[in-house]
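# Geometric and topological summary
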Amino acid sequence: MRALLRLRMREQKTVLLAYALGLAVFSGIMAWSYEAFSEDTGFLTQMFVQFEDLMQAFVGVGFSLEDLTATYLAMTWRHPLILFLLIAFGVERSSGLARELQTGTGDLLFTLPYPRYSIIFSDFLATTRGLLIINLLLVIGVYLFSLLFGVEDIPALTGFFWVFLLSFFLHLMFSALALLVATLSRTGGQALGWTVGIISILYVGDFLASMQPQLEFIQPFTIFYHYQVSEALAGTLPLWESALFLGLTLILLGGSYFFIQRRDL
Amino acid sequence: MGANPLSKEGVKRRKEIGYLPGELALYENHTGVELLEFFAESRGNNASYRNQVMEVLSFPRADLKRKIREYSRGMKQKLGLVLAMQHKPRVVFMDEPTTGLDPLIQLEVYQLLKDFAAEGGTVFMSSHNLGEVERVCNRVAIIRIGRLVALEEVSELVRRRIYSVEFFMDPPPGEKELAEMGLQDYSTREGIIRGKIWGEPDDFLRQLLKRGQVKDLNWTRGRLEDIFMEYYRGEEGEQ
């Protein structure tokens, strides 16, 4: 299993490096652009008050105008680009199994003395390590650049740690979803398509429910609703949300194990 | 291998097999040596046969440090052969093992497989190349629509060999003569006679030369596929 894990991790090397650079630049931009608002925090407050629904869709429910910096920095994690990048990393790596089965690399792997579950879980473990690294880089990046650019009222380090946990668990869950879909798919494209489709529906559902009061009832089912970054960054321990994401991850992993053991390969 | 492939025992016994797929898809971003090490480590750090196989295939060691995506088709095939055999398995499964290899290396591979079998190993290979099958295999299985329709010794298969013949002779032979010579499925166009003969060609050649002056003669040995097709036709006829 160790050899398999090393192989998977080696596959991620280049992608991880690109992510590290990209996230560093993005977190720098977020911290630097705060300066533009800091001269007129009234404008920022006004923006949150006037466009509350829209801002809620961007930073998640439960943002507080008393912790304006935390609310603003929370946009880093809820920014569609960052969400897309972090989800894409986990989903792309976890869909690898379906790609391997499609191209024939899987044929070779399945002749090696590994139980089927170790082949898929090695994929997941390597993705977990990757997600851990990029989430850590993002948190460190935002914190350090905030210090560097003199952002006022930077949230406490515990807040950054809660955000790190919340973001890591959310993306871990999406990776587990991708893994489950991959165990059921015939091609890499099919696996990727279905997973991205499901996640997009959840995201759009959350966005629309934030804007349309009559759709509010669907919001708790959209997963993204529970990604309350601004609250976590302000210092609230996201216990329930983390447990929810972790619980779903375990259920999805159990499903992957069940299906891969029974799949006719 | 005598065990359920999903059972613990089945998984363990995979250490004793080697596999070369027909369409080799390797991890393109890894180097050759990384892949060899991964496969060896997966099979209990066993690469006792690696050097011998690499030598036979004339695999340049310097190329092991290059990424797989930089390999040519032939190099990938060589690497696939090393991956399948480096741990000296008990049984090796190969799909068209010499695809993409130059003729000299092909001969070396045949010898390698023969030596491997002589030392107690078993090779299962699929091929459409009759010459290759003849050189390496003792027995041949014919699978049709997922069903085993025949399992024969190679000597038996050779007896069924088909040749496609094309000749021009003066004077042209009549239909009766062609049938006597053993020519089957024949046709004539602009004096050129085309047909098929079964089995060894000696008799046909002797009779051909006896009957007139052969102006032109061309023949090709039938592919395994032709023999299979004839075989199937025979089966269908019997049914």
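All values reported here derive from a predicted model rather than from experimental measurement. In every chain, residue numbers begin from 1 and rise along the written sequence. Chain labels run from A onward and ligand labels from 1 onward, assigned in the order the entries are written. Given that the model is predicted, a residue must reach a pLDDT of at least 70 before its local features are reported, and side-chain atom pairs must reach 80 or more before they are shown or counted; all residues, however, enter totals for whole chains, interfaces and linings. Water and hydrogen atoms were dropped before computing side-chain values, which therefore reflect all heavy atoms in the structure.

## Regarding the environment of Leu246(A)
Residues and elements named next belong to chain A. In this text, helices come from DSSP runs of H or I with a minimum length of four residues, and strands from runs of E with a minimum of two, each type numbered from the N-terminal end. Along the polypeptide, leucine 246 turns up in helix α12 (residues 239-262). What makes leucine 246 partly exposed here is its relative accessible area of 34%. In the structure, leucine 246 is positioned 121 residues away from leucine 125 in sequence and 14 Å away in space, judged by C-alpha atoms. Per-residue accessibility, obtained with a 1.4 Å probe over protein chains only, is compared with the maximum for each type, and a residue is labelled buried under 20%, exposed over 50%, and partly exposed between these values.

## Examining helix α2 (residues 32-42) of chain B
For α2(B), the set of buried residues is Gly32(B), Leu35(B), Leu36(B), Phe38(B), Phe39(B), Ala40(B) and Ser42(B). Downstream of α2(B) by a residue or two, Gly44(B) has a phi angle that is positive, lying close to 80°.

## Examining the side chain of Ser27(A)
Tracing the backbone through its elements, the reader meets Ser27(A) in helix α1 (residues 2-38). Those residues in contact with Ser27(A) that lie beyond four places of it in its chain are Leu138(A), Gly141(A), Val142(A) and Phe145(A). We call two residues in contact whenever any of their non-hydrogen atoms come within 4.5 Å of each other.

## Some points on the packing of aromatic side chains
The criterion for an aromatic pair is that two Phe, Tyr or Trp rings (for Trp, the six-membered ring) have centres within 6.5 Å, with stacked assigned to planes under 30 degrees apart, edge-to-face to planes over 60 apart and tilted to the rest. Under the criterion given, the structure shown has 19 aromatic pairs over all chains. Note on Phe174(A) and Phe224(A): the rings are 5.5 Å apart at their centroids and 35° apart in plane angle, and the pair reads as tilted. Of this pair, Phe174(A) sits in helix α9 (residues 157-184) while Phe224(A) sits in the loop between α10 (188-211) and α11 (229-233), and the two are 50 residues apart along the sequence. When sorted by exposure, Phe174(A) lands in the same class as Phe224(A), which is buried. A ring pair is formed by Phe167(B) and Phe204(B), whose centres lie 6.0 Å apart and whose planes are at 65°; its orientation type is edge-to-face. In this pair, Phe167(B) sits in strand β6 (residues 162-170) while Phe204(B) sits in helix α9 (residues 202-210), placing the two residues 37 residues apart along the sequence. Phe204(B) sits in the buried class, given a relative accessible area of 2%. Charge over a ring is defined by NZ of Lys or CZ of Arg lying within 6 Å of the ring centre and within 35 degrees of the ring normal. Taking NZ or CZ as reference, Arg116(A) lies 5.9 Å from the ring centre of Phe110(A), over its face. Directly above the ring of Tyr49(B) sits Lys88(B), whose terminal nitrogen or CZ lies 4.9 Å from the centroid.

## A short note on the confidence of the model for chain B
All names here are of chain B. Averaged over every residue, the pLDDT of chain B is 84; the share at 70 or more is 92%. Looking at any residue, its pLDDT shows the predictor's confidence there, from 0 to 100. Summarising per-element confidence for chain B, the mean pLDDT is lowest in helix α10 (residues 224-238) (62) and highest in strand β2 (residues 91-95) (93). Scoring the predicted complex yields pTM 0.77 and, for the interface, ipTM 0.76.

## Thoughts on the packing of helix α6 (residues 96-103) of chain A against α10(A)
Residues and elements named next belong to chain A. Between α6 and α10, the least distance of the axes is 7 Å, while the angle of their chain directions is 155°. With respect to their mutual orientation, α6 and α10 come out roughly antiparallel. Here Ala98, Arg99 and Gln102 of α6 lie close against α10, whose contacting residues are Gly188, Gly189 and Ala191. As a working rule, the residues Ala, Val, Leu, Ile, Met, Phe, Trp, Tyr, Cys and Pro are called nonpolar, Asp, Glu, Lys and Arg charged, and the rest polar, with Gly in that last group. For the contact of α6 with α10, a count of residues per class yields two nonpolar, three polar and one charged. Note on geometry: axes are C-alpha line fits, over the in-contact stretch for helices, and angles between N-to-C directions span 0 to 180 degrees. To sort the angles, those under 35 degrees are grouped as roughly parallel, those over 145 as roughly antiparallel, those from 65 to 115 as roughly perpendicular, and the leftovers as oblique.

## Observations regarding the interface of chain A and chain B
Between chain A and chain B, the contact holds 22 residues from the first and 20 residues from the second. Throughout this description, the term salt bridge denotes a Lys or Arg side-chain nitrogen within 4 Å of a carboxyl oxygen of Asp or Glu. On the surface where chain A and chain B come into contact, there are one salt bridge. In this structure, the salt-bridge partner of Arg6(A) is Glu41(B), at a minimum N-O distance of 2.4 Å. Pairs of N or O atoms are called polar contacts if they sit within 3.5 Å, as long as, within protein, a hydrogen donor faces a hydrogen acceptor (for residues adjacent in sequence, only side-chain-to-side-chain pairs). The interface formed by chain A and chain B holds eight residue pairs in polar contact (both at pLDDT 80 or more) in total. At the level of secondary structure, the elements contributing two or more residues to the side of chain A that touches chain B comprise α1, α6 and α7 (105-109) of chain A. For the side of chain A that touches chain B, the residue count by class is 10 nonpolar, five polar and seven charged.

## Quick look at the sheet that holds strand β7 (residues 184-189) of chain B
All names here are of chain B. Between any two strands, pairing holds if DSSP finds at least two bridges. Read from one edge of the open sheet, four strands run β7-β8-β6-β9, paired in antiparallel fashion. Pairing within the sheet leaves two strands with one partner each, and these edge strands are β7 and β9 (213-221). Looking at each pair of strands side by side, their axes are set apart by 20° on average, direction ignored. Here β6 runs beside strand β8 (residues 192-198); their pairing, made up of six bridges, is antiparallel. When the sheet's bridge partners are listed, valine 165 is paired in β8 with glycine 195. Sheet strands in contact with α9 are β6, β8 and β9, and its direction is about 165° off that of β9.

## Describing the sheet that holds β2(B)
Remark on secondary structure: sheet strands pair via backbone hydrogen bonds, oriented parallel or antiparallel. All names here are of chain B. Here we have three strands laid out as an open sheet, ordered β1-β2-β3, and parallel in their pairing. In this open sheet, the two edge strands, each paired with only one partner strand, are β1 (17-20) and β3 (122-126). Strand-to-strand twist across the sheet, computed as the mean angle between neighbouring axes with direction ignored, equals 10°. Bridge count between β1 and β2: four bridges; the pairing is parallel. What sits directly across from isoleucine 17, in β2, is valine 91. Contacting β1 and β2, helix α4 (residues 73-85) crosses the sheet at an angle of about 165° to β1. Against the sheet, helix α5 (residues 103-118) engages β2 and β3, with an angle of about 140° to β3.

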